[in-house]
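# Chain and residue survey
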Amino acid sequence: IELMIAVAIAGILAAVALPAYNDYVRRGKLAEAHSQLADLRVKMEQWFQDNRSYLNGAACGAAMPGAAQGIKFFTFTCPGPTATTYTITASGIATQGLDGISFSITESNVKSTTVTGGSAMASAGYASNANCWVIRKGGSC
């Protein structure tokens, strides 16, 4: 009976701890996008200082981070920068458990998070926020 009680207690603890641990790991993966987007924004601003235009900016061209730089949880895109504007987006990779979340930053340092309804991230409790990069469930920054 003592052994059964010990197994039952271990099962209850595991049932509580496992979801919390999974969310902890997921939040750790989000930091990759946040740091890379901030770095890419700095590169774009440096490019603008040198060229007075965001066109052909270093962060929007061939220098976009990828597997060669050790990026494994997000893909980064910078579609159609103009002379005065750009938007860099980091989209979660589905095979890494980050399906449906994307972060973006603009030349004005406007940060936003988009979570697709019905996606894995929406099912995990994450929500969109047009004013910041989400760092935990519920859309909090």
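### A word on the overall build of the protein
Scanning the protein from terminus to terminus reveals two helices and four strands. Computed over the C-alpha atoms, the radius of gyration of the protein is 19 Å, more than 25% above the 14 Å expected from 2.2 N^0.38 for a compact globule of 141 residues. C-alpha atoms of the protein, sized along the principal axes, occupy 75 × 30 × 20 Å. A separation threshold of at least 6 residues defines the contact pool for the protein, and within that pool the share at least 24 residues apart is 42%. For the protein, the accessible area works out to roughly 7,900 Å², and carbon and sulfur atoms hold 60% of it. Of the side chains in the protein, 10 bear a positive and 8 a negative charge, and the two mean positions are spaced by 2 Å.

### Quick look at helix α1 (residues 2–51)
Residue pairs three or four apart in sequence face the same way in an α-helix, which turns once every 3.6 residues. Compared with the 74 Å implied by 1.5 Å per residue over 50 residues, the 74 Å span of α1 between its first and last C-alpha is a close match. Within α1, burial applies to Asp 23, Lys 29, Leu 30, Glu 32, Ala 33, His 34, Gln 36, Leu 37, Leu 40 and Met 44. Buried residues along α1 sit in contact with β1 (74–77), β2 (87–92), β3 (101–106) and α2 (120–123). Downstream of α1 by one or two residues, Arg 52 has phi in the positive range, about 55°.

### Notes on the pattern of salt bridges
Applying the stated criterion across every chain yields a total of three salt bridges. With a closest N to O distance of 3.5 Å, Arg 26 and Asp 23 form a salt bridge. Of the two residues, Arg 26 and Asp 23 are both situated in helix α1; the distance of three residues between them amounts to about one turn of the helix. What makes Asp 23 buried here is its relative accessible area of 9%.

### Details of the nonpolar core
Formed by 26 residues in total, the largest nonpolar core has its most connected members in Leu 30, Leu 37, Phe 74, Ile 88, Ile 101 and Phe 103. Contributing elements (two or more residues each) for this core: α1, β1, β2 and β3. The dominant element in this core, judged by the number of residues it contributes, is α1, at five residues. When near neighbours in sequence (up to four residues on either side) are disregarded, Phe 74 contacts Lys 29, Leu 30, Glu 32, Ala 33, Ala 90, Ser 91, Gly 92, Ile 93, Leu 98, Ile 101 and Phe 103.

Definitions and limits used
- Residues numbered from 1 in each chain as written.
- Predicted model: local features only at pLDDT ≥ 70, side-chain atom pairs only at ≥ 80, totals over all residues.
- Heavy atoms only, no water.
- Helix = DSSP H or I, 4+ residues; strand = E, 2+ residues; numbered from the N terminus.
- Rg over C-alpha atoms; globule rule 2.2 N^0.38 Å.
- Contact = heavy atoms within 4.5 Å.
- Areas by Shrake-Rupley, 256 points an atom, 1.4 Å probe, with all protein chains shown as cover.
- Lys, Arg positive; Asp, Glu negative; His and termini not counted.
- Charge placed at Lys NZ, Arg CZ, Asp CG, Glu CD.
- Expected span 1.5 Å × (residues − 1).
- Buried < 20%, exposed > 50% of the residue type's maximum accessible area, 1.4 Å probe, protein only.
- Salt bridge = Lys/Arg side-chain N within 4 Å of Asp/Glu carboxyl O.
- Core = buried A, V, L, I, M, F, W, Y, C linked by side-chain atoms within 4.5 Å.

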